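In case you want the letters, here they are:
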Amino acid sequence: MTAGSDMYRQQILDHYRNPRNYGDLEDPTFSHEGYNPSCGDELEFDVELAEDGETVERAAFSGDGCAISQASASMLSQELPGMTLDEIEELDRDDVLEMLGVEVTPMRIKCAVLGEKVVQDGAEIYRGEADVDQTTTED
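Residues numbered from 1 in each chain as written. Predicted model: local features only at pLDDT ≥ 70, side-chain atom pairs only at ≥ 80, totals over all residues. Heavy atoms only, no water.

Here the focus is the overall build of the chain. The helix and strand inventory of the chain stands at five helices and four strands. Taken against the 2.2 N^0.38 rule, which gives 14 Å for 139 residues, the C-alpha radius of gyration of the chain at 14 Å falls within 12% of a compact globule. Viewed in the frame of its principal axes, the chain has a C-alpha envelope of about 45 × 30 × 25 Å. Buried residues in the chain amount to 43% of all 139 residues. (Helix = DSSP H or I, 4+ residues; strand = E, 2+ residues; numbered from the N terminus. Rg over C-alpha atoms; globule rule 2.2 N^0.38 Å. Buried < 20%, exposed > 50% of the residue type's maximum accessible area, 1.4 Å probe, protein only.)

And the structure:
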């Protein structure tokens, strides 16, 4: 294990133990929830858009799950403000893995990307581009 990967592991544990933006927004523009049946992770994201209706003003999440899913959601909640809905749509697995900074085993990828998928599906529903009740990473 290198010193760099150890630093990222500490960062993941810190976000897991002290999640940023954990809770609910009082009047979110949209909310969406998701579930990872393989690990039992559950997340809900609240997103408040700026007056332009396209740029994230604030984001918060709640839920329960493994350290990877919770840390990833915490980190994502810090990255979202300032992003546009188009930029959110363009996020992919590699962006999330780069944000985490550690190698994630194939079984844990679904944990890592759950937050990203929840926010993307919520944005699509908000835009009227999708009709999804709940996101799952089982696909």
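After presenting the structure, the write-up continues.
With 18 residues, helix α5 (residues 109-126) extends 26 Å between its outermost C-alpha atoms, agreeing within 8% with the 26 Å of an ideal straight helix rising 1.5 Å per residue. α5 sits mainly inside the fold: 13 of its 18 residues count as buried. Positive backbone phi, at 80 degrees, marks G128, one or two positions downstream of α5. (Expected span 1.5 Å × (residues − 1).)

With that out of the way, let us pick up the packing of helix α4 (residues 93-100) against α5. In contact at an axis separation of 9 Å, α4 and α5 are set at 105 degrees when each is read in the N-to-C sense. Accordingly, the angle class assigned to the pair α4 and α5 is roughly perpendicular. Where α4 approaches α5, its residues R93, V96, L97 and L100 are matched on the opposing element by I109, A112, V113 and E116. A class-by-class count of the residues in the contact of α4 with α5 yields six nonpolar, no polar and two charged. (Axes fitted to C-alpha atoms, helices over the stretch in contact; angles between N-to-C directions. Parallel < 35°, antiparallel > 145°, perpendicular 65-115°, else oblique. Contact = heavy atoms within 4.5 Å. Nonpolar A, V, L, I, M, F, W, Y, C, P; charged D, E, K, R; others polar.)

Attention now moves to the packing of aromatic side chains. Applying the stated criterion across every chain yields a total of three aromatic pairs. Each ring, one from Y22 and one from F61, has its centre 5.1 Å from the other, and the planes form 85 degrees; the classification is edge-to-face. Highlighted residues: Y22 in the loop between α1 (3-17) and β1 (30-36) and F61 in strand β3 (residues 56-64), separated in sequence by 39 residues. Relative to Y126, the ring of F30 lies with its centre 5.6 Å away and its plane at 25 degrees, an arrangement referred to as stacked. Of the two residues, F30 sits in strand β1 while Y126 sits in helix α5, which places them 96 residues apart along the sequence. Classification of F30 by relative accessible area gives buried; the value is 7%. You can call Y126 partly exposed: its relative accessible area is 37%. (Phe/Tyr/Trp six-rings, centres within 6.5 Å; stacked < 30°, edge-to-face > 60°.)

Here the structure, examined in full by the defined rule, presents five salt bridges. Among the salt bridges present, the one from E48 reaches R58, with a minimum N-O distance of 3.2 Å. Linking E48 in strand β2 (residues 41-49) with R58 in strand β3, this pair joins segments that are 10 residues apart in sequence. On the basis of relative accessibility, which here comes to 40%, the residue R58 falls in the partly exposed class. (Salt bridge = Lys/Arg side-chain N within 4 Å of Asp/Glu carboxyl O.)

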